[in-house]
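Listed here are the chains, written in short residue letters.
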Amino acid sequence: MIEVVAELSRGPVFLAGEALECVVTVTNPLPPTATSASSEALAWASAQIHCQFHASESRVALPPPDSSQPDVQPESQTVFLPHRGERGQCILSTPPKILFCDLRLDPGESKSYSYSEVLPIEGPPSFRGQSVKYVYKLTIGCQRVNSPITLLRVPLRVLVLTGLQDVRFPQDEAVAPSSPFLEEDEGGKKDSWLAELAGERLMAATSCRSLHLYNISDGRGKVGTFGIFKSVYRLGEDVVGTLNLGEGTVACLQFSVSLQTEERVQPEYQRRRRTGGVPSVSHVTHARHQESCLHTTRTSFSLPIPLSSTPGFCTAIVSLKWRLHFEFVTSREPDLVLLPPLEQPEPVTWTGPEQVPVDTFSWDLPIKFTL
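All values reported here derive from a predicted model rather than from experimental measurement.

*Asks:* Describe the overall build of the protein, naming the residues involved and giving the relevant values.
*Replies:* Scanning the protein from terminus to terminus reveals 1 helix and 20 strands. Counting only residues that meet the buried cut, the protein has 40% of its 371 residues in that class. In the protein, of all internal contacts separated by at least 6 residues, the share reaching a separation of at least 24 is 76%. Summed over all atoms, the accessible surface of the protein reaches about 21,300 Å², with 52% contributed by carbon and sulfur.

Structure representation (structure tokens):
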């Protein structure tokens with residue numbers, strides 16, 4: 001028996017274009033007191049990063065796969081296929097790298113090997129949606145002598161920052177200064193420069209604050225004014241908005257606002273809908289605020305952006321966008337008052353109306369998210 005352990009030095013979350021570093025440790029777990037006949041011989045081990053794509057058959061109409069390239073590999077073969085046995089298609093992969101060949105481990109002996117690879121910058125981000133899934137994995141294949149291949153898969157999360165695809169790493173040392181007291185290899189310099197550039201772009205895009213006002217109206221008049229201070233947000237931030245209902249001519253009884261993602265299948269890949277079929281657009285609510293607001297002149301809300309969510313992106317098959325989805329409940333009666341009179345000539349019992357005729361309408365405001 002052989003134990004294979006893969007340890008990511010900087011965690012499982014990476015930026016596209018960043019270098020992944022992994023230490024693979026191979027161990028013979030038998031106690032050192034075992035006989036020499038318990039030694040294990042390994043023919044080879046290899047590692048590769050790949051992106052697996054899977055689409056919902058009820059939502060996405062994909063062209064038929066190429067039958068000349070089977071997805072399932074017989075265990076008797078010695079060809080390293082990282083996506084062997086997995087559902088979907090492998091749409092992106094790095095060149096495989098050999099970790100070792102002809103390795104023999106005595107009982108209790110272990111050896112470690114370093115693996116480093118740059119994540120492709122042209123790939124999609126990690127995403128698990130209703131229609132499609134993009135899953136990144138680091139797969140390590142190992143084969144004992146006269147045994148089938150064993151695969152170890154390490155899940156990864158890859159984030160894509162728009163605009164970095166066209167950026168080139170500076171070759172001039174004067175452009176990227178470094179400390180003369182620290183030793184840093186070329187890969188480390190590139191990762192550091194890429195992280196700094198990503199941070200600068202994120203700060204420039206999300207630090208701008210300016211008040212954006214939107215008048216909200218239905219068919220009978222103005223309901224209120226919505227204000228938001230930013231148009232681009234980072235993961236982990238809060239979407240803060242204000243609602244001014246004091247200037248409205250239509251009474252608003254209740255409102256709700258939801259932070260949602262809209263996953264839309266591209267027209268050429270949409271499956272034709274039948275009666276009661278699955279739509280090609282799906283919405284997922286990540287945060288929600290609801291409030292009864294009759295006789296309220298001004299209110300506010302705060303919706304947190306989950307760190308585990310995926311910023312908006314677009315591929316040839318699907319697009320993901322973010323929005324604020326509002327739902328309003330308004331009164332049909334003009335000058336609606338549901339409070340008892342302030343002055344009464346004598347004590348009386350006051351009860352509110354049992355029924356109030358209302359109308360409902362919704363409004364969507366697109367917003368942008370980045371890393």
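*Asks:* Residues and numbers for the side chain of Glu40, please.
*Replies:* Mapping Glu40 onto the fold places it in strand E4 (residues 40-55). At 2.9 Å, the side chain of Glu40 and the side chain of Arg144 are in polar contact. Setting aside its immediate chain neighbours within four residues, Glu40 contacts Met1, Ile2, Asn28, Leu103, Arg104, Leu105 and Arg144.

*Asks:* Any details on the packing of aromatic side chains? Residues and values, ideally.
*Replies:* Following the criterion strictly, the structure yields 14 aromatic pairs and no others. With a centroid separation of 5.9 Å and an interplanar angle of 5°, the aromatic rings of Phe226 and Phe301 are classed as stacked. Within this pair, whereas Phe226 is found in strand E12 (residues 221-228), its partner Phe301 is found in strand E17 (residues 298-304), the two being separated by 75 residues in sequence. Each of the two residues, Phe226 as well as Phe301, counts as buried. Geometrically, the ring pair formed by Phe301 and Phe326 is edge-to-face, given 6.2 Å between the ring centres and 70° between the ring planes. Taken as a pair, Phe301 in strand E17 and Phe326 in strand E19 (residues 318-331) lie far apart in primary sequence, 25 residues in all. Clustering of aromatic rings is evident, with ring pairs tying together Tyr214, Phe226, Phe255, Phe301, Phe326, Phe328, Phe361 and Trp363.

*Asks:* Tell me about the sheet that holds E12, residues and numbers included.
*Replies:* Taken together, the 4 strands give an open sheet; going across it, the order is E11-E12-E14-E17, and neighbouring strands pair in antiparallel fashion. Each end of this open sheet is capped by a strand with a single partner; those strands are strand E11 (212-218) and E17. When the angles between neighbouring strand axes are averaged without regard to direction, this sheet yields 25°. As defined by bridge partners, E11 adjoins E12 across 7 bridges and the pair is classed as antiparallel. Bridge pairing in E12 places Asp218 opposite Gly221.

*Asks:* Please set out the pattern of salt bridges residue by residue, giving values where relevant.
*Replies:* Pairs may arise between side chains of opposite charge once their charged atoms sit close together. Here the structure, examined in full by the defined rule, presents 13 salt bridges. A salt bridge links Glu86 to Lys137, with the shortest nitrogen-to-oxygen separation between them at 2.4 Å. Within this pair, whereas Glu86 is found in the loop between E4 and strand E5 (89-93), its partner Lys137 is found in strand E9 (residues 132-144), the two being separated by 51 residues in sequence. Accessibility assignment for this pair places Glu86 and Lys137 in one class, buried. Taking the shortest distance from any N to any O, the salt bridge between Glu117 and Lys97 comes out at 3.6 Å.

*Asks:* Give me the lowdown on the nonpolar core, citing residues and values where you can.
*Replies:* Counting 67 residues, the largest nonpolar core has Leu138 and Leu324 as the members making the most contacts within it. No other element matches E4, which puts 7 residues into this core. Beyond its immediate sequence surroundings of up to four residues, Leu324 is in contact with Phe226, Ile228, Val239, Val257, Ser258, Leu259, Leu303, Trp363, Asp364, Leu365 and Ile367.

*Asks:* Please provide a residue-by-residue account of the sheet that holds strand E7 (residues 110-118), values included.
*Replies:* Across the sheet, which stays open at both edges, the 3 strands sit in the order E1-E3-E7 with antiparallel pairing between neighbours. Because the sheet does not close on itself, it has two edges, and the strands there are strand E1 (3-8) and E7. Taking each pair of neighbouring strands and ignoring which way they run, the sheet shows an average axis angle of 20°.

Rules of the game
- Sequence order as written defines the numbering, with residues in each chain counted from 1.
- Predicted model: local features are reported for residues with pLDDT of at least 70 only, side-chain atom pairs are reported and counted for 80 or more only, and whole-chain, interface and lining totals are derived from all residues.
- The basis for every side-chain value is the complete set of non-hydrogen atoms in the structure, without hydrogens or water.
- To qualify as a helix, a DSSP run of H or I must reach at least 4 residues; to qualify as a strand, a run of E must reach at least 2; elements of each kind are numbered from the N terminus.
- Exposed residues in this analysis have more than 50% of their type's maximum accessible area, buried residues have under 20%, and partly exposed residues fall in between, with area computed by a 1.4 Å probe over protein chains only.
- The contact criterion used is simple: two residues touch if any of their non-hydrogen atoms lie within 4.5 Å.
- Accessible surface area values rest on a Shrake-Rupley calculation with a 1.4 Å probe, where residue burial reflects the displayed protein chains alone.
- Throughout this description, a polar contact denotes any pair of N or O atoms lying within 3.5 Å of each other; where both atoms belong to protein, one of them has to be capable of donating a hydrogen while the other can accept it, and for residues adjacent in sequence the pair is counted only when both atoms sit in side chains.
- Here is the rule: rings of Phe, Tyr and Trp (six-membered ring for Trp) pair when centre to centre is within 6.5 Å. Planes less than 30 degrees apart are stacked, more than 60 are edge-to-face, and the remainder are tilted.
- Being paired, for any two strands, means DSSP has found at least two bridges between them.
- Fitting a line to C-alpha atoms yields each axis, with helices limited to the stretch in contact; the angle taken between N-to-C directions then spans 0 to 180 degrees.
- Any carboxyl oxygen of Asp or Glu that lies within 4 Å of a side-chain nitrogen of Lys or Arg is treated as forming a salt bridge with it.
- The nonpolar core is taken to be a set of buried Ala, Val, Leu, Ile, Met, Phe, Trp, Tyr and Cys residues, with the residues joined through side-chain atoms within 4.5 Å.

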